[in-house]
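A closer look at the structure
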Amino acid sequence: YIPSFIKEMESLSQLVTSNNWGTHSVKISGSGSSIPIYGFAQCFRDLSHTDCLLCYAASRTRLPRCLPSVSARIYLDGCFLRYDNYSFYSEGTDPSRDAVNCTGVAAGDEAERVELQERVGRVVDNVVNIAERDGNGFGVGEVEGVYALAQCWNTLGSGGCRECLRKAGREVKGCLPKKEGRALNAGCYLRYSTQKFYNEDGDAGGGNGKNICLYVCICEAF
């Protein structure tokens, strides 16, 4: 399994190098049966190509810690990498494994909490609407000092993207009154923060790697 896994990661690496995302699958045959490996990798649209390659390299280094599990996914602030033993590419949500990551300090007094809640609600709804409206599954935005980014995986259709992001929007609002939150779903990622964390134009960005700090790896038992 491991040699085939390594080849799968190498194939994905070539696709990411060319396109900033890709899917690939292989089957391992032996002892009268076969074990498939389906792989997927994608960088967020605000990353430069250099940062995309850095992010994929970081995720590829960390994901093998899940072996010998036949199912794993890793979220970084900038890219997503997953392998599994079934074709998951059109999967938008997964109630058993979708997660929320809440970080940062909480807003102070009641007035600040109410204000933060209103701003987060607006900016999250805005970026979800942008991602749905523009048809590319991506949106960034800012409302009075609160920033947000929404990103669907390219394997989802418009319906799956909409379902995933709306679920992510509901979930990430549950992080309040924390000043930062991330929804980590099977088919999409959504983040808000009181600190600006995204690039306005990924193609113009350099190789600073500032968007790849979060490390959340979800492994499934063999």
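Look up a bit, the structure's there.
Residues numbered from 1 in each chain as written. Predicted model: local features only at pLDDT ≥ 70, side-chain atom pairs only at ≥ 80, totals over all residues. Heavy atoms only, no water.

**Notes on the packing of aromatic side chains**
Put simply, the test is: Centre distance within 6.5 Å is the pairing criterion for rings of Phe, Tyr and Trp, where only the six-membered ring of Trp is used; planes under 30 degrees apart are then read as stacked, over 60 as edge-to-face, and the remainder as tilted. Secondary structure elements are taken from DSSP: a helix is a run of H or I of four residues or more, a strand is a run of E of two residues or more, and numbering for both begins at the N terminus. Accessibility here uses a 1.4 Å probe with only protein chains present; expressed as a share of the type maximum, an area under 20% marks a residue as buried, one over 50% as exposed, and anything in between as partly exposed.
Enumeration according to the criterion identifies 13 aromatic pairs in this entry. Relative to Tyr198, the ring of Tyr147 lies with its centre 6.1 Å away and its plane at 70 degrees, an arrangement referred to as edge-to-face. A residue pair is termed long-range when its members are at least 10 positions apart, and Tyr147 in strand E7 (residues 146-152) and Tyr198 in the loop between strand E9 (188-193) and strand E10 (216-220) qualify at 51 residues. A relative accessible area of 19% places Tyr147 in the buried class. Seen from their ring centres, Phe197 and Tyr198 are 5.4 Å apart, and the 85 degrees between their planes marks the pair as edge-to-face.

**Quick word on the state of the cysteines**
Operational definition: Note that a disulfide, as used here, is simply two cysteine sulfur atoms within 2.5 Å.
Scanning the entire structure with this criterion turns up five disulfides. Between Cys43 and Cys52 runs a disulfide, and the two sulfur atoms are separated by 2.0 Å. Taking the sign of the S-S torsion, about 85 degrees here, the bridge from Cys43 to Cys52 comes out right-handed. The disulfide partner of Cys152 is Cys161, and the gap between their sulfur atoms is 2.1 Å. Taking the sign of the torsion about the S-S bond as the criterion, the disulfide between Cys152 and Cys161, at about 90 degrees, is right-handed. The residues Cys152 and Cys161 share a single accessibility class, namely buried.

**Brief notes about the pairing of E9**
Rule in force here: At least two DSSP bridges between two strands are needed for those strands to be called paired.
For E9, the buried fraction is high: six of the six residues fall into the buried class. Residues Cys188, Leu190 and Tyr192 line one face of E9 and the alternating positions Tyr189, Arg191 and Ser193 line the opposite face, and both faces are buried. Two elements, strand E8 (residues 178-184) and E9, share five bridges in a ladder whose sense is antiparallel. Within E9, the residue paired with Arg182 across the bridge is Arg191. Taking the residues between adjacent antiparallel strands as the criterion, E8 and E9 are bridged by three residues.

**With respect to the pattern of salt bridges**
In plain terms, the rule: Salt-bridge detection follows one rule: a side-chain nitrogen of Lys or Arg within 4 Å of a carboxyl oxygen of Asp or Glu.
Tallied over the entire structure, the rule returns 17 salt bridges. Connected through salt bridges with shared partners, the residues Glu115, Glu118, Arg119, Arg122 and Glu144 form a single ionic network.

**Some details on the sheet that holds E8**
Going by this rule: Where helices are involved, their axes are fitted lines through C-alpha atoms of the stretch in contact, as for all axes, and angles between N-to-C directions lie from 0 to 180°. Note on contacts: a residue pair is in contact if any heavy atoms of the two residues lie within 4.5 Å.
Pairing is antiparallel in the open sheet, where five strands are placed in the order E5-E8-E9-E7-E6. Among the strands making up the open sheet, the edge pair consists of strand E5 (99-106) and strand E6 (138-143). Neighbour-to-neighbour, the strand axes of the sheet open up by a mean angle of 5 degrees, direction not taken into account. Sheet topology places E6 next to E7; six bridges connect them, and they run antiparallel. Within E7, the position partnered with Glu142 by the bridge is Tyr147. Packed onto the sheet, helix H4 (residues 158-172) meets E5, E7, E8 and E9 and runs at close to 35 degrees relative to E9.

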